[in-house]
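The residues making up each chain are set out below.
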Amino acid sequence: MSTSSAELPCDPLGAPPVPDPLRLLGTEEVAALLGVAAITLRIWRLHGNGLRYIKLGRSVKYRRSDIEAFLDARCVASTSETLP
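In this text the structure is predicted, and so the values were computed from the model without any measurement.

Attention now goes to the sheet that holds strand β1 (residues 25–26). Taken in spatial order, the three strands of this open sheet run β1-β3-β2, and their pairing is antiparallel. Edge positions in the sheet fall to β1 and β2 (54–56), since each has one partner strand and no second. Bridge analysis of β1 against strand β3 (residues 59–62) gives two bridges, and the strand direction is antiparallel. Its bridge partner lying in β3, Leu25 is registered against Tyr62.

Here it is as structure tokens:
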């Protein structure tokens with residue numbers, strides 16, 4: 001049985017795997033996580049009002065910590081609150 005480097009380590013006691021916080025995510029992965037279309041992330045990047053991202057050559061990657069910060073900044077308790 002071989003494991004690829006992309007697989008998450010498995011806990012022998014059956015606990016769910018923990019995501020690697022240093023693994024960078026691509027646009028398609030982040031779009032799926034957020035429930036938006038990939039083009040939405042591209043538009044947000046163009047207008048500068050989306051998530052922080054990393055450019056590696058022509059590739060765009062996202063850190064989990066930046067995704068969490070983006071979501072935390074949009075967390076509201078009522079409909080009368082406005083976003084920054």
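From this point, things continue past the structure.
Pairing is possible between side chains that carry opposite charge, provided their charged atoms lie close to one another. Using the criterion set out here, one finds three salt bridges in the structure. When the shortest N-O distance is used, the salt bridge between Glu29 and Arg23 registers 2.6 Å. Accessibility expressed as a relative area gives 33% for Glu29, which makes it partly exposed. Residues Arg63 and Asp66 are paired through a salt bridge, measuring 2.9 Å at the closest nitrogen-oxygen approach. Residue class for Arg63 comes out partly exposed when judged on its relative accessible area of 34%. Residue Asp66 is classed as buried on the basis of its relative accessible area, which comes to 11%.

Quick notes on the rules
Residues numbered from 1 in each chain as written. Predicted model: local features only at pLDDT ≥ 70, side-chain atom pairs only at ≥ 80, totals over all residues. Heavy atoms only, no water. Pairing = 2+ DSSP bridges. Helix = DSSP H or I, 4+ residues; strand = E, 2+ residues; numbered from the N terminus. Salt bridge = Lys/Arg side-chain N within 4 Å of Asp/Glu carboxyl O. Buried < 20%, exposed > 50% of the residue type's maximum accessible area, 1.4 Å probe, protein only.

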